[in-house]
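Next come the chains, spelled out residue by residue.
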Amino acid sequence: MTYSKINSSAATGTKNLYGDEISPFSGMCAICIEGCNGLCEIGKSSYRGSEAIYPQPFGKVTAASQKDYPIDYSHFNIMGSASGAKGVEEDSDKAIFTNVNLETCIGKNKSLRLKLPFIIAGLGSTDIARNNWEGLAIGSAISGVILTIGENVCGIDPRSEFDNKGKVVKSPELERRVNLYKEWQQDGYGGIVVQANVEDTRFGVLEYAIEKLGVEIVELKWGQGAKDIGGEIKINNLERAIEIKKRGYIVLPDPLDPDVQRAFHHGDFKEFERHSRIGMVNREDFLKSVEHLRKVGAKYIFLKTGAYRPSDLAKAIKYSSEAGIDLITIDGAGGGTGMSPWRMMNEWGIPTVYLQCLAYNYAKFLDEKGKYVPDMAIAGGFTLEDLIFKGLALGAPYFKAVAMARSPITACMVGKTLSEKIKNNDIPQAVKKYGSDIESIFVEATDLMKEFKEKFNNIPGSAIGLFSYFKRLEQGLKQLMCGARKFALNYIERSDLVALTKEASEISGIPYVMELDREEAKAILEEN
Ligand code: SF4
């Protein structure tokens, strides 16, 4: 049985001429017939070449792997109990789900307060992040969660200014992203993070963010779960492509080549690719970077690492422990992004469950040796409350939050689409039953109006969409925690899970369902 879906996908706009009649190991139609226009990925590659590598259309979609990994979070179930309560009095009138507390404090000195244990992971220079920033910033700020500005924002900002050493001195786009979040931040909850990759480090982005924009949290980026190469975007303008190449990025095809310029003007291709570089991590440089960032005023330092091989994960945790950083976000393979090479997104790296289990083992090892273990967040396909509970439980007590990117963008995009349709009196049939205005269709709008009064009119539909989605996650998570009899996040533990397969049990150390509570059950049955 194959775990992969090859050669046709909505992500690349390809399909098989003969539908399901395919060779599963190659993804090709069982018969490939002369005369086919080339509907599949091989066919499309025969006329669009490397353009067929990426999910499309760029800037309007997010994409994530279709690979069906052998083990995922569905191989675990959440355990409940018929008695007891931790974090609240053992009283049926008090142990109700609305009394579950989802607030948490993270960081080395536990001074970063979150209303919900969520982080929106790095959303950088892709169009989809830029176009949905209003919703992401306002929605996450009013929800009290962390929002991360991803890589390459200054480098791609056409209005960025640099000094004679190539350091950024002004980036209106980064400024807009930071300030929008700060303007809506409530009572000090959450925080805005600025992330840096190789190019950002060369431009001095973190120094600029700390010194000029008052950013307190910075994140060093080693990688992400969708790919093990640098970030890519598309550029549909020759002058922009030239400018970005001159700023030091890899741009394909070369926009300075006269033949390429002619082909672009002729319409042979419509977009340039911008690629960023891969890092060269080593312990000394990492420790020095952390020390430097503290010196220039960073209050909190995070590390984001991807689905690299286990020894790299061990380095991430060990070096972060030595450097005393505040949070490591670990992003498993299969997570989504705006524009990663499609096959890479499917076929490289360690899937989230495996990666989290390795990270748990490494953290436990250091912990038992009396070493500092930074708080951790897990990323890679988290969307709904059951996944969030499982992510927190499988990594307990080290994983304090779950990082998401695709699903918050989805909530923003849907909120934006519906609010525009409401304004244009073009409400979709499936939504009409809820009403005809923002207040009746968006169920959380009434509470937001009460809280923000006239300022409510400045909250865009995209932010209401994100806030409402987080409200749903909040209630769903509270219900699961209530059933598990855990009334605060710090009570969630690995014993709140059971493995449904022997393999999931072997990977995670979580007991197999038929072995759970065996001794306890026997003792109960033997009682006189
Ligand atoms: S080119 Fe061949 S394999 Fe591809 S869709 Fe057409 S028939 Fe199928």
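All figures in this text were calculated on a predicted structure; none of them were measured in a lab. Counting restarts for each chain: residues are numbered from 1 in the order of the written sequence. Local features are withheld for residues below a pLDDT of 70 in this predicted model, meaning they are given only at 70 or higher, and side-chain atom pairs are given and counted only at 80 or more; totals for whole chains, interfaces and linings count all residues.

## Details of the overall build of the protein
Quick reminder of the rule: Put simply, DSSP H or I for four residues or longer makes a helix, DSSP E for two residues or longer makes a strand, and each gets a number counted from the N terminus. We compute the radius of gyration over the C-alpha atoms and compare it with the globule rule, which gives 2.2 Å times the number of residues raised to the power 0.38. Around each residue's C-beta, the other C-beta atoms within 10 Å are counted; 20 or more make the residue buried, 12 or fewer make it exposed, and counts in between make it partly exposed. All C-beta atoms are placed from the backbone. Note that contacts rest on C-beta atoms placed from the backbone: two residues are in contact if these are within 7 Å.
Along its length, the protein carries 21 helices and 17 strands. A compact globule built from 528 residues should have a C-alpha radius of gyration of about 24 Å, and the protein, at 24 Å, falls within 12% of that. Each of the three principal axes of the protein carries a C-alpha extent, and together these read 90 × 60 × 60 Å. Within the protein, the proportion of its 528 residues that are buried is 46%. Counting only contacts in the protein whose residues sit at least 6 apart along the sequence, the fraction spanning at least 24 positions is 74%.

## Quick word on the sheet that holds strand β12 (residues 272-275)
Counted only if it meets this: If DSSP finds at least two bridges between two strands, the strands pair. All axes here are fitted lines through C-alpha atoms, helices being fitted over the stretch that makes contact, and every angle between N-to-C directions spans 0 to 180 degrees.
Pairing is antiparallel in the open sheet, where three strands are placed in the order β10-β12-β11. Two strands close off the open sheet at either side, each with one partner strand: β10 (232-235) and β11 (250-252). Within the sheet, the average angular offset between the axes of one strand and its neighbour, ignoring direction, is 25°. Alignment of β10 against β12, held across four bridges, turns out to be antiparallel. Each residue of the ladder has a partner; that of Glu 232, found in β12, is His 275.

## So, the site of the ligand
The following threshold applies: Here is the check we use: build the C-beta atom from the backbone, and if it is within 6 Å of the molecule or strand, call the residue near. We call Asp, Glu, Lys and Arg charged. Ala, Val, Leu, Ile, Met, Phe, Trp, Tyr, Cys and Pro are nonpolar, and the rest, Gly among them, are polar.
As a structural note, the neighbourhood of the ligand is formed by Asn 16, Leu 17, Met 28, Cys 29, Cys 32, Ile 33, Cys 36, Gly 38, Leu 39, Cys 40, Ile 42 and Gly 43. Residue composition of the shell around the ligand, by class: nine nonpolar, three polar and no charged.

## A word on unusual backbone geometry
With an omega dihedral of -5°, the bond running from Gln 56 to Pro 57 counts as a cis peptide bond. With respect to the helices, strands and loops of the structure, Pro 57 is situated in the loop between α1 (41-48) and β1 (76-78). The omega torsion across Ala 396 and Pro 397 is 5°, close enough to zero to call that bond cis. Its place among the elements puts Pro 397 in the loop between α14 (385-394) and β16 (399-404). Backbone geometry at Asp 187 places phi at a positive 55°, although glycine is not the residue there. Asp 187 sits in the exposed class, given 8 other C-beta atoms within 10 Å.

## Re the sheet that holds strand β14 (residues 327-331)
Strand order around the closed barrel formed by eight strands is β4-β5-β8-β9-β13-β14-β15-β16, with parallel pairing between neighbours. Averaged over all pairs of adjacent strands, the angle between their axes in this sheet comes to 25°, without regard to strand direction. Pairing of strand β4 (residues 118-123) with β16, which is carried by three bridges, proceeds in the parallel orientation. In the sheet register, Ile 120 faces β16, and the bridge partner there is Met 404. Lying on the sheet, helix α7 (residues 205-213) is in contact with β8 (191-196) and β9 (217-221); it crosses β8 at an angle near 155°.

## What about the packing of helix α15 (residues 406-423) against helix α19 (residues 461-483)?
To keep it simple, the criterion reads: Oblique is the label for any angle not covered by the other classes, which are roughly parallel (under 35 degrees), roughly antiparallel (over 145) and roughly perpendicular (65 to 115). Handedness of a crossing is defined here by the sense of rotation of the near helix relative to the far one, left-handed for an anticlockwise turn of less than a right angle and right-handed for a clockwise turn.
Viewed as axis vectors pointing N to C, α15 and α19 meet at an angle of 130°, and their least axial separation amounts to 7 Å. Taken as axis vectors, α15 and α19 run oblique relative to one another. Considering the relative orientation of α15 and α19, their crossing is right-handed. Of the residues in α19, those touching α15 at Pro 408, Ala 411, Cys 412, Val 414, Gly 415, Lys 416, Leu 418 and Ser 419 are Gly 461, Ser 462, Ile 464, Gly 465, Leu 466 and Tyr 469. Looking at the contact of α15 with α19 residue by residue, the classes come out as eight nonpolar, five polar and one charged.

## Brief notes about the nonpolar core
Here is the rule we go by: Nonpolar cores are identified as sets of buried Ala, Val, Leu, Ile, Met, Phe, Trp, Tyr and Cys residues joined via C-beta atoms within 7 Å. Annotation comment: domain bounds sourced from an automatic or database domain assignment.
The biggest cluster of nonpolar side chains holds 140 residues, and the ones touching the most others in it are Ile 120, Val 218, Met 376, Ala 377 and Val 402. For this core, the element with the highest residue contribution is α19, accounting for ten residues. In terms of domain composition, this core takes at least three residues from each of domain 2 (100-231 + 278-528) and domain 3 (232-275). Not counting the four nearest positions on each side in its chain, Met 376 is found in contact with Leu 327, Ile 328, Ile 330, Ala 359, Ala 363, Gly 395, Tyr 398, Phe 399 and Lys 400.

## Overview of the domain arrangement of the protein
By the assigned domains, the protein splits into domain 1 (10-53), domain 2 (100-231 + 278-528) and domain 3 (232-275). Between domain 1 and domain 2, the C-alpha centre-to-centre distance is 36 Å.

## Focus: helix α5 (residues 172-184)
Heads up, the rule is: Expected span of a helix, by definition, is 1.5 Å for each gap between consecutive residues, and there is one gap fewer than residues. Directions are taken from the helix axis to each C-beta atom, and the arc is the one they span.
The end-to-end C-alpha separation of α5 is 18 Å, in line with the 18 Å expected for 13 residues at 1.5 Å each. Within α5, burial applies to Leu 174, Arg 177, Val 178, Tyr 181 and Trp 184. Along the axis of α5, the buried positions cluster into a sector of 150°, meaning they face one direction only. Those residues of α5 hidden inside the fold are in contact with α3 (133-143), β5 (146-149), α4 (153-156), β8 and α7.

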